[in-house]
Protein chains: 2
Amino acid sequence: MQPTDIDRIRRFHRTVTRETGVMDQSFLGRGRPLGSARVLNAIGRGMGEVAAIRDYLGLDSGLMSRLLRGLEDEGLVETTPSPDDARRRVAGLTDRGRAEFEAYENLSNTRAQRLLDHHPNRADLLAAMDLIASALGQHAVEFVECDPRAPDAVWCLGEYFGELARRFERGFEVHLSRDPEATDMIRPKGAFFVAMSDGLPIGCGGLKGHDGTWGEVKRLWVSPSARGLKLATRLMEVIEATARDLGMSVLRLDTNSQLPEAVAMYRRLGWTEIERFNDDPYPDVFFEKRL
Amino acid sequence: MQPTDIDRIRRFHRTVTRETGVMDQSFLGRGRPLGSARVLNAIGRGMGEVAAIRDYLGLDSGLMSRLLRGLEDEGLVETTPSPDDARRRVAGLTDRGRAEFEAYENLSNTRAQRLLDHHPNRADLLAAMDLIASALGQHAVEFVECDPRAPDAVWCLGEYFGELARRFERGFEVHLSRDPEATDMIRPKGAFFVAMSDGLPIGCGGLKGHDGTWGEVKRLWVSPSARGLKLATRLMEVIEATARDLGMSVLRLDTNSQLPEAVAMYRRLGWTEIERFNDDPYPDVFFEKRL
DNA sequence: CAATTTATCTGACTTCTGTCCGATAAATTA
DNA sequence: TAATTTATCGGACAGAAGTCAGATAAATTG
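Worth saying up front: this structure is predicted, and the values here are computed from it rather than measured.

Scanning chain A from terminus to terminus reveals 9 helices and 9 strands. Each of the three principal axes of chain A carries a C-alpha extent, and together these read 65 × 60 × 35 Å. Looking at chain A as a whole, 33% of its 291 residues qualify as buried.

Structure below.
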């Protein structure tokens, strides 16, 4: 009897549920209830605002308060009133708290490492995990505006150029392309966005400002693991909104007919094909959109 | 900054943890604590013996007893003493219990279906899930002895023949091969095993009895999603143990040089190459092992 | 400036989860 | 047959998780 698609998903789900149960057990091994451990980990991972933690973990305000107090009593956490709104509190780890957080991190990391060590095909396993994480987390993607020279942005751009090199018959050399100055993709001239899924970059897109009147969409890239989830469309929406915000009335972009998915998407999003507007050697299709 | 392998696994883990949290919430929506819901689901999925459920869910005997009683009070479950050991109790669903179980099943199924519907590439998503489920569940594989004509066995054999057809240059036609009678792979003559991972078949192997003196290993197959996890080796161990149990002193098998992984494995497991012992057109390598 | 809203805290309470121990009754062993 | 082991049950209890209503203090609004 052939397993149905649903059977396969459910088997996956059960296996993975068992796995999280095991992780929970090992967390409990540090002698702290799961609730406290989760709060500690949220703080350690950079969440400072009490409200943000509460929201992330879905906790009642009373419960949150008590868990935080417990961690304070243990000497792991300190809270201070937020500078711009003294009602809010910001939590941070003490030295002991940081050590304890690292201990939890080690538990998770060694478990991950063990899984990796016991698998014959790391690349496929990791690709499968990326694919699933993107599929499950597609509604939890954050679009973070940053400097295109920031680490996450640079990583995305590296992947982007690498992919172009693979897909273009003639290859692709970064320095051949008119690489816009990073400062053209920073406010107030332009902007650059990285799509973050649970802390990992999975896509990017830039808006390059041209002497205040028009903008150019550049470097739109989505990780292979997140393709098909309409992430590029959402990035474009963010970029268009930013362009309007910056007072631009026209957007342009160039692309290549060897990237048919991209060309199709621009058409679908209401862009119209125009004449070549630069002498860049790589693109052979040009689009424009009035805002 | 490039995400490390560990980062990627941890992201996967967090995403999937969030997902199970959502499922738990939706289960709670039926107004029953998670513990009870889990017991009900275990029973619905075929676990009858109280001890088996307790073991599967890792529950204390007292807690188990109380949860079971709660479900009985709700009229969802009935327990009867086991026929062969009246100390043990066997739990079963009442009609109302079955309806309630179906309701939980629907919650899980619709969530799975929704995920499937929202993804552009079902085949890749499912393959990724199979791969991960096999990697995580490699220590929870059960080797079930069954009739080679049973549904799970037939499905595995279909996959097996399909793969042979793809890998052999000359193609592969099932009827050309000397297809051993199913009854030769059933006790007392022989045996057939299906490797089950959480209810889904992921591999198989047969032991064909030849007039009581020697046995032949046939139809050894492992699902692509579970390759590299030493599953074939474990299947072989089960088959060899069964052969000893049936009083066989020699095992033989044939394979093909176009399946180098298989040939390498047989050597590693202590098999020695021998002369051709049948006139089957497909195999070109023959092995023997004395027990 | 008074009234209202917002973010957090506290206490009281319920339910759920997990543990321990002894009771019971059915097998198993000596 | 008596003693022991095994599987379940039930009571008592402790800690964890979650809910609710009010208290407090800092913003915000009118």
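Let us keep going from here.
Our next topic: the interface of chain B and chain A. Contacts between the two partners involve 46 residues from chain B, matched on the other side by 46 residues from chain A. Only α1 (5-28), α5 (95-117), α6 (122-136) and α7 (151-167) of chain B provide two or more residues apiece to the side of chain B that touches chain A. At 14 residues, α1(B) tops the list of elements feeding residues into the side of chain B that touches chain A. Taken together, the residues of the side of chain B that touches chain A break down into 22 nonpolar, 12 polar and 12 charged.

Quick look at the sheet that holds strand β8 (residues 272-273) of chain B now. All names here are of chain B. Across the sheet, which stays open at both edges, the 7 strands sit in the order β3-β4-β5-β6-β7-β9-β8 with mixed pairing between neighbours. The strands lining the two open edges of the sheet, one partner per strand, are β3 (141-145) and β8. When strand β6 (residues 214-222) meets strand β7 (residues 250-255), the two strands line up parallel, connected through 3 bridges. Looking across to β7, one finds that G215 is bridged to L251.

Next up on the list: the protein's contact with DNA strand C. Taken together, 22 residues lie around DNA strand C, and G62(A), P33(B), G35(B), G62(B) and A86(B) are the ones closest in. Breaking the surface near DNA strand C down by element, the ones donating at least two residues are α3 (50-57), α4 (61-73) and β2 (85-93) of chain A together with α2 (34-44), α4 (61-73) and β2 (85-93) of chain B. Ranked by the residues each element gives to the surface near DNA strand C, the list is headed by α4(A), at 6 residues. In terms of residue class, the surface near DNA strand C is made up of 7 nonpolar, 6 polar and 9 charged.

What follows covers the packing of helix α3 (residues 50-57) of chain B against α4(B). All names here are of chain B. Contact geometry of α3 with α4 gives a least axis separation of 10 Å together with a crossing angle of 115 degrees. In this structure, the crossing between α3 and α4 has a hand that is right-handed. Across from V50, I53 and R54 in α3, the residues of α4 making contact are S61, M64 and L68.

G35(A), G62(A), A86(A), V50(B) and G62(B) are the nearest of the 21 residues found near DNA strand D. Of all the secondary-structure elements, those providing two or more residues to the surface near DNA strand D are α2 (34-44), α4 and β2 of chain A together with α3, α4 and β2 of chain B. Broken down by element, the residue count for the surface near DNA strand D peaks at 5 residues, all from α4(B). Residues of the surface near DNA strand D, tallied by class, amount to 7 nonpolar, 6 polar and 8 charged.

Once turned by 179 degrees and shifted 0.1 Å along the axis, chain B lies on chain A with an RMSD of 0.1 Å. Between the two chains, the operation in question is that of a two-fold axis. Residue A128(B) of chain B places its C-alpha closer to the rotation axis than any other residue of that unit, at 2.3 Å. In this assembly, 100% of the residues forming the interface of chain B have copies in chain A that are likewise at the interface, indicating an isologous arrangement.

All names here are of chain A. Among the 9 residues of strand β6 (residues 214-222), 8 are classified as buried, and the element is accordingly described as predominantly covered. Between the antiparallel neighbours strand β5 (residues 200-210) and β6 lie 3 residues, among them D211 with a positive phi of about 30 degrees. Assessed by its sense of winding, the connection that carries the chain from β6 through helix α8 (residues 231-245) to strand β7 (residues 250-255) is right-handed.

So, about the pairing of strand β4 (residues 191-197) of chain B. All names here are of chain B. Burial runs high along β4: 6 of the 7 residues are buried. Of the pairings in the sheet, the one linking β3 to β4 comprises 5 bridges and is antiparallel in character. Along β4, the bridge assignment pairs E145 with F193. Relative to strand β5 (residues 200-210), β4 is paired through 7 bridges, and the arrangement is antiparallel. Looking at β5, one finds that F192 is bridged to G206. Two successive antiparallel strands, β4 and β5, enclose a turn made up of 2 residues, where D198 displays a positive phi of approximately 50 degrees.

Now for α8(A). Residues and elements named next belong to chain A. The end-to-end C-alpha separation of α8 is 21 Å, in line with the 21 Å expected for 15 residues at 1.5 Å each. Residues of α8 that are buried include every one of L231, A232, L235, M236, I239, T242 and A243, and no others. One side of α8 carries all its buried residues, which in axial view fall inside an arc of 135 degrees. Every exposed residue of α8 that faces more than 90 degrees away from the buried side is listed here: A241 and D245. Summarising the contacts, the buried residues of α8 are in contact with β3 (141-145), β4 (191-197), β5, β6, β7 and α9 (260-268).

All names here are of chain A. Reading across from one edge, β3-β4-β5-β6-β7-β9-β8 is the order of the 7 strands in this open sheet, with mixed pairing throughout. In this open sheet, the two strands that pair with only one neighbour each are β3 and β8 (272-273). One ladder, built from 2 bridges, connects β8 with strand β9 (residues 285-290); its direction is antiparallel. In the sheet register, E273 faces β9, and the bridge partner there is F287.

With that settled, consider the environment of F277(A). Residue and element names in this part refer to chain A. Along the chain, F277 falls in the loop between β8 and β9. What makes F277 partly exposed here is the crowd of 15 C-beta atoms within 10 Å. Considered as a pair, F277 and R252 are 25 residues apart in the sequence and their alpha carbons are 8.8 Å apart. Ignoring any residue separated from it by four or fewer positions in sequence, one finds F277 in contact with R252 and F286.

Definitions and cut-offs
- What you see as residue numbers is a count from 1 along each chain, following the sequence as written.
- Note on labels: chains are lettered from A, ligands numbered from 1, in written order.
- The predicted nature of this model means local features are confined to residues of pLDDT at least 70 and side-chain atom pairs, given and counted, to a pLDDT of 80 or more, with totals for whole chains, interfaces and linings taken over all residues.
- Think of it this way: any DSSP run of H or I at least four residues long counts as a helix, any run of E at least two long counts as a strand, and we number them from the N terminus.
- Neighbour counting defines burial: a residue surrounded by 20 or more other C-beta atoms within 10 Å of its own C-beta is buried, one with 12 or fewer is exposed, and intermediate counts give partly exposed, using backbone-placed C-beta atoms.
- Remark: residues whose backbone-derived C-beta atoms lie within 7 Å of one another are considered to be in contact.
- The nonpolar class holds Ala, Val, Leu, Ile, Met, Phe, Trp, Tyr, Cys and Pro. Asp, Glu, Lys and Arg form the charged class, and all remaining residues, Gly among them, are polar.
- We call two strands paired when DSSP finds no fewer than two bridges between them.
- Residue proximity rests on one test: whether the C-beta atom, placed from the backbone, lies within 6 Å of the molecule or strand.
- Here an angle of 0 to 180 degrees is reported between the N-to-C directions of two axes, which are lines fitted to C-alpha atoms, with helices fitted over the stretch in contact.
- Here a crossing is taken to be left-handed if its near helix is turned anticlockwise relative to the far helix by less than a right angle, and right-handed if that turn runs clockwise.
- The atoms used to superpose the copies are C-alpha atoms, taken from residues with pLDDT of at least 70 in both, and the fit is least squares.
- Handedness of a crossover is defined as follows: orient the strands so they point away from the viewer, and if the path from the first strand over the helix to the second runs clockwise, the crossover is right-handed.
- Helix span, expected: 1.5 Å multiplied by one less than the number of residues in the helix.
- The reported arc concerns the directions from the helix axis to the C-beta atoms and nothing else.

These values are about where atoms sit, not about what they do.
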